[in-house]
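Descriptive analysis of the structure
So the chains spell out like this:
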Amino acid sequence: METDISRYEKYVPSVFLATAFAYMVWVRTLPYSSMVTEDGVMFSANDSWYHIRVVDHFVENYPTVFPFDPWTYFPYGSAASTGYGNLFDQIIATVAVIVGLGDPSGRQVEIITAFAPAVFGAATAIPVYLLAKRITDRWVALLAPLSLALFTGQFLNRTTFGNVQHEAGEAFFVGIAVLGFILAVERAYTEKPTFAHIRDGDLGVLSGAVLGGLGLAAYMLTWPASIYLLAPFGAFLLIQMVRDDLNGRSTEYLGLSVATFFFVAFVPVAIYTFLVGGYGRVSGLALSALHPVALLSAGAGALFLHFLHSYLQGDDKPDDAYPVAVGGVVIVGLVFLWATGLASFLERLITTMYSFGYLTSEGALTVSEIQPAGLTNAVAGYGLLLVVAVIGIAFLINRVVRENRPAELIVLLWSINMFTAYFTQARFGYYLAVSAAVLVAYGIHGIIEITNVEELSFESWEDLKSLKGYQVITFLLIVFLFLPGNVVAIAPAIQPAWNSVGGGADQVWHDESMGWMSDNTPAPPMEFNDVWEIPADGDFEYPVSPSPTEGAYGVMSWWDYGHWITMSGERIPNANPFQEGNIVSSLFFTAQSEERADLLLEALPSVESGSELEGMSNDELRSVIENQNEQERYEDTRYVVIDDQMAAGKFGAIATWTEFGQEEPYYTREEFTVQENSTANLPALGPSYENTTLSRLYYDDANEMDGYRLVHETETYTLIGNLADLSQPDSRPRLNSRFTRAHYNDSSAVGFRLSQVSNLPDGQMIRAGGGSYLYDVRGTASVKTFERVEGATLTGQADVSEPRNVTAFVRMRTTNTERSFPYTRRVETDADGSFEVTVPYPTVDDVSVEEGGTNASVESTGPYQVYVGNVGIANVLGTSQVLGSPTESGTVNVTESAVYGGDEVEVSLEEVETGNETANETAGNETTGNVTDGGNSRDGAGEETGDGTDGGTNDGGTSNGSTTNTTPDATGAETQNGS
């Protein structure tokens, strides 16, 4: 019987790995049913949408690479695709081409792409097991894939169905790369390769180095920034070379194997870099000349260290000559990097992976995934197994100090790198998961060795009596460490893997906003999946035209949404999650005047990047614009998209990147009415915020602006405001927080109609349960789209003897929600009574989408009314009233073609008869200025929550975009951490 059992024993690890793989795929595909619809896959987060863009392009042009994309980062185009996905996306595209027999359908491509992160995540269990097996044994090593399967946090989030992240490929390939390096090093000591073997053609002794080098190349082609791995590998080479010298061992074996490892990796990396045109730049983030040069240098460095060792051998050389020489080489290398300017790459490496966030810029820290992880994040992601992993590091340090253990030294240096990286940027949690899983196995292996548990045998119940107390405790401790947080939920933030999986897209953006944009705005005159080379100067020349309704154009929004605009809207964003265009986006939305906002967009095509515009005065911007060539002059940004998150929780991040550099200057203190005869002095958004371009567009519908018009708003609305707990005077109010979204005409979701907020008296607070009150609450569409236009100029002649005010007024109505709002524009006549009023809203639509116009879901309810004299437009109980004593008035229609062309439209005025000084006009759910329509009131509120981790649905964004439904006596507000 024992013989029969032992026959199958060798299959146990394989069966266990297959089980772990199946379990990990199952957990990661739990969101399938909620993410796959008849229309396609609703991919999670931001980066997923660009991965499907890259995969689509690969499939369409297979096997051509994707070096440049003009469908993002207007008006330059982006070469970031050369550092984005690469091998990861090409593998997915290849599978799609095979499954689709050479011509896969769009749905096939989407489904295969959506499954990819789950498969890569589960497959990571294989290199994790093999790594653990190298430094433990085949049985204890099984605890490594078991641990990996139970981890949540960043690793789980980034490897779930539909959350397509190249990080899923990174986690797999970093395991392959480290395993390959260990294989190369171990074969160096077992095969003992020398130059004599090469001369004799006996290259089999370098097989381990060849396989390992291919693993490193695969990792680098998945994520070019993986060049960082040369740091721990290089540190190992230096330490091990010195150790071999001190132990009297030849350095030829290690030097030749490691050199081969890097030279083999060089070949595919060099070829791919050439194919994507990367030799014209030097970058660590995208494939460039730096990558093949670094690999060649690493290989040459390994040979140099060997030759240096050979040179220093001899009786006349001191014993410590080689260690001293190696130290000198390191110093000379650092001096060389400083002298050539290449030290900047070292500085970036230290900032990104070893600084624990202290060297990270304030702007970068607004990105949730770039913020340092804390102990709470670590425990939530890894449970108490993190303790075992730390014990594993302690065992590794003890072992490599006492013994010559090359494989353990590699794992130690790599693991330290992963720990520092994670506590510098939380995004690297997916790397730490791979390392931590191996360390768990090593830690338990060390515990077993100390307690002699492996020597126990149980052939009968009597054998249990031989157990020592400390052995029982060891066994129970190991079981306990696997359970809390990994298998049993012990807190809302600490859940097992199957309770931690989420996914899905912001359907308001994709279905309502971008769905409208793709169908109702003119398509740029460019093929979506064409193949473009990187421009010599990096600046793509878009097809443009002097006509405002022809040519390519940009869409301005915050950088989080760039990939959504590219893929879901098939339009060209000015900014994207590569953080291209983030500076100009921040400058635009925080601009304190329409003039400056326009100058920024007009000057943008004439500078190398938007960051050059920061700090420029308006006169300097005008000078840039005056010197534009024809190409630059007509590369226009035409649309602006703003959502509730930008106006609320993300505004802190938008403000931090530029201008004031912080959010505080946008706040002031005001008196608010709690109840009759009771007030509270609380912080609220002040004039600096209300005057931003973002606020004037989003909340005021471009009122009093002459070059922007609202063309679409979603039927989903959001309540935004502040929450204060007046029962706790010392508590800090939750400011500018986003509340539950609801359909415009749906009163059940929030308990009261949105239109009621506009009827609240100014400064009135709303009870939100307990001692908490909502105040300064506004309700508006969750996503709004505006169009930049030249504006039609109303001209006329008033019968006045001195300058007088002229007011142009029109009521607009959204066709999807039937919301009505006023637009007003005021100017002053010249002394002779002539006037010009530029207005952006047409009253007659005469330009179709096919003719280059916008099929706006906003239309006028009548012609413009023009008044001369001191008048005002008031919103009183749903009625727009023209207050004051106009001396003359007139009406005029404005065509859409006039708005696009900047045409003049003459207004005929007539004297207003005495006794008819005011004109009343009924308005529906109307807003004027900052008085917004929408909002509700009841004894309860719900606000958005954001913890910076986003459950895997936000990769690198500045807010998680989740919402919490309003419930009585319960609140949960969006945090103001810029993440």
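Use the structure listed above.
Definitions and cut-offs
- Residues numbered from 1 in each chain as written.
- Predicted model: local features only at pLDDT ≥ 70, side-chain atom pairs only at ≥ 80, totals over all residues.
- Heavy atoms only, no water.
- Helix = DSSP H or I, 4+ residues; strand = E, 2+ residues; numbered from the N terminus.
- Buried < 20%, exposed > 50% of the residue type's maximum accessible area, 1.4 Å probe, protein only.
- Pairing = 2+ DSSP bridges.
- Axes fitted to C-alpha atoms, helices over the stretch in contact; angles between N-to-C directions.
- Left-handed = near helix turned anticlockwise from the far one by under 90°.
- Contact = heavy atoms within 4.5 Å.
- Nonpolar A, V, L, I, M, F, W, Y, C, P; charged D, E, K, R; others polar.
- Patch = residues over 30% accessible without salt bridge, like charges linked within 9 Å, V, L, I, M, F, W, Y side chains within 5 Å.
- Areas by Shrake-Rupley, 256 points an atom, 1.4 Å probe, with all protein chains shown as cover.
- Salt bridge = Lys/Arg side-chain N within 4 Å of Asp/Glu carboxyl O.
- Lys, Arg positive; Asp, Glu negative; His and termini not counted.
- Charge placed at Lys NZ, Arg CZ, Asp CG, Glu CD.
- Parallel < 35°, antiparallel > 145°, perpendicular 65-115°, else oblique.
- Phe/Tyr/Trp six-rings, centres within 6.5 Å; stacked < 30°, edge-to-face > 60°.
- Lys NZ or Arg CZ within 6 Å of the ring centre and 35° of its normal.
- Polar contact = N/O pair within 3.5 Å; in protein donor to acceptor, adjacent residues only side chain to side chain.
- Core = buried A, V, L, I, M, F, W, Y, C linked by side-chain atoms within 4.5 Å.
- Expected span 1.5 Å × (residues − 1).

1. Considering unusual backbone geometry
- Residue Tyr 62 is joined to Pro 63 through a cis peptide bond whose omega torsion reads 0 degrees.
- Structurally, the position occupied by Pro 63 is in the loop between helix H4 (47-60) and helix H5 (87-99).
- Residue Phe 74 is joined to Pro 75 through a cis peptide bond whose omega torsion reads 5 degrees.
- Backbone geometry at Ala 45 places phi at a positive 60 degrees, although glycine is not the residue there.
- Relative to the assigned elements, Ala 45 resides in the loop between strand S2 (40-41) and H4.
- For Ala 45, a relative accessible area of 3% gives the class buried.
- Although it is not a glycine, Lys 192 adopts a positive phi angle of roughly 50 degrees.
- Tracing the backbone shows Lys 192 in the loop between helix H10 (166-191) and helix H11 (195-199).
- Judged by relative accessible area, which is 40%, Lys 192 ranks as partly exposed.

2. Regarding the sheet that holds strand S9 (residues 734-743)
- The sheet built from four strands is open, its strands ordered S9-S8-S11-S10 with antiparallel pairing. Strands with a single pairing partner mark the edges of an open sheet, and in this sheet they are S9 and strand S10 (766-767).
- Bridge count between S10 and strand S11 (residues 772-781): two bridges; the pairing is antiparallel. By the bridge assignment, Ile 766 is partnered in S11 with Leu 774.

3. Considering the packing of helix H2 (residues 12-28) against helix H6 (residues 106-123)
- Their axes nearest at 8 Å, the elements H2 and H6 cross at an angle of 150 degrees. Note that H2 runs across H6; the crossing there is right-handed. Two secondary-structure elements touch here, H2 through Phe 21, Met 24, Val 25 and Arg 28 and H6 through Ala 118, Val 119, Gly 121, Ala 122 and Ala 123.
- Split by residue class, the contact of H2 with H6 holds seven nonpolar, one polar and one charged.

4. Section: a nonpolar patch on the surface
- Side chains of Val 330, Leu 334, Leu 346, Ile 350, Phe 356, Tyr 358 and Leu 359 sit close together on the surface and give an oily, nonpolar patch of about 690 Å² of accessible area.
- Taken together, the elements giving at least two residues each to the nonpolar patch come down to helix H16 (321-340) and helix H17 (343-353).

5. Quick notes on a negative patch on the surface
- A grouping of Glu 828, Asp 830, Asp 832, Glu 836, Asp 903 and Glu 904 is seen on the molecular surface, where their side chains present a negatively charged patch.
- By the secondary structure assignment, Asp 830 is in the loop between strand S15 (820-828) and strand S16 (834-839).
- Asp 830 sits in the partly exposed class, given a relative accessible area of 45%.

6. Here we look at the pattern of salt bridges
- The tally for this structure, following the rule as stated, stands at 31 salt bridges.
- Notably, a salt bridge pairs Arg 741 with Asp 644, separated by 2.9 Å at the nearest N-O pair. Highlighted residues: Arg 741 in strand S9 and Asp 644 in helix H29 (residues 644-647), separated in sequence by 97 residues. This pair shows no difference in class: Arg 741 is buried, exactly as Asp 644 is.
- Through salt bridges that share partners, Arg 399, Arg 402, Glu 403, Arg 405, Glu 408 and Glu 449 make up one connected network.

7. Re the environment of Ser 14
- Assignment of secondary structure puts Ser 14 in helix H2.
- In this structure the C-alpha to C-alpha distance between Ser 14 and Ile 126, which are 112 residues apart in sequence, comes to 9.6 Å.

8. Focus on the packing of H10 against helix H13 (residues 230-246)
- For the pair H10 and H13, the least separation of the axes is 13 Å and the interaxial angle reads 15 degrees. In terms of orientation, H10 lies roughly parallel with respect to H13. Read as a crossing pair, H10 and H13 show a hand that is right-handed. Here Ala 177, Val 178, Phe 181, Val 185 and Tyr 189 of H10 lie close against H13, whose contacting residues are Phe 233, Phe 236, Gln 240 and Asp 244.

9. Digging into the packing of aromatic side chains
- Taken as a whole and assessed by the stated rule, the structure comprises 47 aromatic pairs.
- Relative to Trp 49, the ring of Phe 43 lies with its centre 5.7 Å away and its plane at 80 degrees, an arrangement referred to as edge-to-face.
- Judged by relative accessible area, Phe 43 falls into the buried class, the value being 1%.
- Look at Trp 49 and you get buried, because its relative accessible area is 8%.
- Ring centres 6.0 Å apart and planes at 75 degrees place the aromatic pair Phe 120 and Phe 172 in the edge-to-face group. With Phe 120 in helix H6 and Phe 172 in helix H10, this pair connects stretches of sequence that are 52 residues apart.
- With relative accessibility at 11%, the residue Phe 120 sits in the buried group.
- On the basis of relative accessibility, which here comes to 17%, the residue Phe 172 falls in the buried class.
- Over the ring of Tyr 699 we find Arg 778; its NZ or CZ atom is 3.8 Å from the centre of that ring.
- Positioned above the aromatic ring of Tyr 698 is the side chain of Lys 784, whose terminal nitrogen or guanidinium carbon lies 5.5 Å from the ring centre.

10. Section: the sheet that holds strand S13 (residues 792-797)
- An order of S16-S13-S22 is seen for the three strands of this open sheet, with the pairing classed as mixed. Every other strand in the sheet has two partners, leaving S16 and strand S22 (904-906) as the edge strands with one partner each. The average angle at which neighbouring strand axes cross in this sheet is 30 degrees, direction not considered.
- Bridge count for S13 against S16 is six bridges, and the pairing is antiparallel. The partner of Gln 797 across the bridge, within S16, is Ser 834.

11. What about the side chain of Arg 158?
- Within the secondary structure, Arg 158 is located in the loop between helix H9 (153-157) and H10.
- Overall, Arg 158 belongs to the buried group, its relative accessible area being 4%.
- A polar contact is formed between the side chain of Arg 158 and the side chain of Glu 369, at a distance of 2.8 Å.

12. Some points on the nonpolar core
- Residues Tyr 228, Leu 613, Leu 794 and Tyr 864 are the most contacted members of the largest nonpolar core, which totals 260 residues.
- Take this core: its biggest share by element is 15 residues, from helix H21 (residues 429-451).
- When near neighbours in sequence (up to four residues on either side) are disregarded, Tyr 228 contacts Val 174, Tyr 219, Trp 223, Leu 349, Met 353, Asn 417, Met 418 and Tyr 431.
- Listed in part, the seven residues of the second largest apolar core include Leu 719, Leu 723, Ala 768 and Val 777.

13. Digging into the pairing of strand S21 (residues 888-892)
- Burial along S21 is one-sided: Glu 888, Gly 890 and Val 892 are buried, and none of Ser 889 and Thr 891, which face the opposite way, are.
- Bridging between strand S18 (residues 864-868) and S21 involves five bridges; their strand directions are antiparallel. Directly across from Tyr 867, in S21, lies its bridge partner Ser 889.
- Here S21 runs beside strand S23 (residues 910-911); their pairing, made up of two bridges, is antiparallel. Across the sheet, residue Ser 889 finds its bridge partner in S23, namely Glu 910.

14. Re the pairing of S9
- Of all ten residues that make up S9, eight are buried, and the element is covered over most of its length.
- Relative to S9, strand S8 (residues 716-725) is paired through six bridges, and the arrangement is antiparallel. Bridge pairing in S9 links Tyr 717 to Ala 742.

15. Describing H21
- With 23 residues, H21 should reach 33 Å at 1.5 Å per residue; the first-to-last C-alpha distance of 32 Å fits that figure.
- Summarising burial for H21: 21 of the 23 residues are buried, a large majority.

16. Points about the side chain of Thr 424
- Mapped onto the fold, Thr 424 is located in the loop between helix H20 (406-422) and H21.
- Given a relative accessible area of 0%, Thr 424 falls into the buried group.
- Within the local environment of Thr 424, its side chain forms a polar contact with the backbone oxygen of Thr 420, the two atoms lying 2.7 Å apart.
- Residues within four places of Thr 424 in sequence aside, it is in contact with Thr 351, Thr 352, Met 353, Tyr 354, Ser 355, Phe 356, Gly 357, Ile 370, Gln 371 and Pro 372.

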